[in-house]
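# Analysis of the macromolecular model
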Amino acid sequence: MKRPVIGLTTDYNDEKQDRYLSTMSYAAAIEKAGGLPVLLPYAIDQTLIPQYVDLLDGICFSGGDDMNPVRYGEEWHPKVRRMDPRREAFEFALIAEVEKRRMPALGVCFGSQLMNVYRGGSLTQFLPEHARESAIEHRRIPDQEPTRHPVKVDTSTQLGKVLGASEISVNTYHKQGVNKLGKGLRIVATAPDGVIESFEDPTLPLFAAVQWHPERLFEEREHLAPFKLLVEKSKND
Ligand SMILES: [Mn+2]
């Protein structure tokens, strides 16, 4: 049987700005989950997007730097890392086409922020300055082992069900997170300090997002699970 074709958005290389970049673990996770990963270059004419989407059965919106907060009515926080505006514009145009077609979609890190803001939500731009009870560190601290923290999972949700437990351990590499949740989205998982780490739109075949990086942990069953769900939903009957 032919594998579902899963589009994967690409990032850019900070040092060599004429090159695309894609962390290999995304493609590896999609392959292990039973999909056929295909990288999507972003510096293209947006009128070509429908033709790209024609090629795909599902899509993974990958991680990256920070979007322009003007999209949710704020000015740049000094600690942000600005995303290449061409990538940002491409991803917003792409998600509109994907959603219109009800194509299965999984957002990872920046991809989750994209999904939330696309739906009219907003972001906390710099969590370390965001007052909240029992705040924990969500960033990767240089020269330390990658941080992990638990999340509470709502196992009655579509994604929560495949994550398979009411609490799982996730990695954490983010300084931004959901502030206001976008329209039609339902919380799937929350960190101990209340930061929303995962959500979905229950009315679409799959429109789900995680703030952590499951692709870097896909040898662990619960972290391969989001990719398996994406591939499963992308199978055309
Ligand atoms: Mn986190």
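You'll find the structure just up there.
Residues numbered from 1 in each chain as written. Predicted model: local features only at pLDDT ≥ 70, side-chain atom pairs only at ≥ 80, totals over all residues. Heavy atoms only, no water.

### Regarding the environment of Pro202
Stated precisely, the cut-off is as follows: Secondary structure follows DSSP: runs of H or I at least 4 residues long count as helices, runs of E at least 2 residues long count as strands, and numbering of each begins at the N terminus. Partly exposed residues are those whose accessible area sits between 20% and 50% of the maximum for their type, while under 20% is buried and over 50% is exposed, using a 1.4 Å probe and protein chains only. By definition in these notes, contact holds between two residues if any of their heavy atoms fall within 4.5 Å.
Residue position: Pro202 is located in the loop between β12 (196-200) and β13 (207-210). Residue classification places Pro202 among the partly exposed positions, given a relative accessible area of 44%. Between the alpha carbons of Pro202 and Leu159 there is a distance of 9.5 Å; along the sequence they are 43 residues apart. Ignoring any residue separated from it by four or fewer positions in sequence, one finds Pro202 in contact with Gly184 and Arg186.

### Things to note about the coordination of the manganese ion
Put simply, the rule is: Sites may look incomplete because water is not among the atoms; the donors themselves are N, O and S atoms within 2.8 Å of the metal, or within 3.2 Å for Na, K and Ca.
Each protein donor to the manganese ion is listed here as His138 (ND1), His149 (NE2), Thr172 (OG1), His174 (NE2) and Glu197 (OE); together their distances run 2.2 to 2.3 Å. Residue class for His138 comes out buried when judged on its relative accessible area of 2%. Taking relative accessible area as the criterion, Glu197 reaches 1% and is therefore assigned buried.

### Focus on the packing of helix α1 (residues 24-32) against helix α6 (residues 221-233)
The following threshold applies: The axes are straight lines fitted to the C-alpha atoms, using for helices just the contacting stretch, and the angles between their N-to-C directions are given from 0 to 180°. Under this scheme an angle from 65 to 115 degrees is roughly perpendicular, one under 35 degrees roughly parallel, and one over 145 degrees roughly antiparallel; angles in between are oblique. Should the near helix be turned counterclockwise from the far one by less than a right angle, the crossing is left-handed, whereas a clockwise turn marks it as right-handed. All residues other than Ala, Val, Leu, Ile, Met, Phe, Trp, Tyr, Cys, Pro, Asp, Glu, Lys and Arg, Gly among them, are scored as polar; the first ten of these are nonpolar and the last four charged.
Running from N to C, α1 and α6 point in directions that differ by 60°, and their axes come no closer than 8 Å. Compared by their axis directions, α1 and α6 come out oblique. For the crossing formed where α1 meets α6, the hand is right-handed. From α1, Ala29, Ile30 and Lys32 reach across to α6, where they touch Leu224, Phe227 and Val231. Its residues assigned to classes, the contact of α1 with α6 comprises five nonpolar, no polar and one charged.

### Concerning unusual backbone geometry
A positive phi is found at Arg102, a non-glycine position, where the angle reads about 55°. Structurally, the position occupied by Arg102 is in the loop between α3 (85-100) and β6 (105-108). A residue is classified by how much of its surface remains accessible, and Arg102, at 45% relative accessible area, is partly exposed.

### A closer look at the state of the cysteines
Selection rule: Any cysteine sulfur atom paired with another within 2.5 Å is treated as part of a disulfide.
Applying the stated criterion to the full structure yields zero disulfides. This cysteine, Cys60, is not joined by any disulfide, and Cys109 carries the nearest cysteine sulfur, 11 Å off. For Cys60, a relative accessible area of 0% gives the class buried. The buried category is assigned to Cys109, whose relative accessible area is 7%.

### Describing the packing of α3 against helix α4 (residues 110-118)
It is the contact of α3 with α4, at a shortest axis distance of 11 Å, that shows an interaxial angle of 65°. Judged by the sense of rotation from one axis to the other, the crossing of α3 with α4 is right-handed. Residue-level contacts link Arg87, Glu91, Phe92, Ile95, Ala96 and Glu99 of α3 to Phe110, Leu114, Met115, Val117 and Tyr118 of α4. Considering only residue class, the contact of α3 with α4 consists of eight nonpolar, no polar and three charged.

### A word on the side chain of Arg132
Stated precisely, the cut-off is as follows: Distance and chemistry together define a polar contact, namely a pair of N or O atoms within 3.5 Å, with one atom able to donate a hydrogen and the other to accept it when in protein, and with adjacent residues in sequence counting only for side-chain atoms on both sides.
Within the secondary structure, Arg132 is located in the loop between β7 (123-124) and β8 (148-153). Side-chain polar atoms of Arg132 contact the backbone oxygen of Leu127, separated by 2.9 Å. There is a polar contact of 2.8 Å between the side chain of Arg132 and the side chain of Asp193. Residues within four places of Arg132 in sequence aside, it is in contact with Leu127, His138, Asp193 and Val195.

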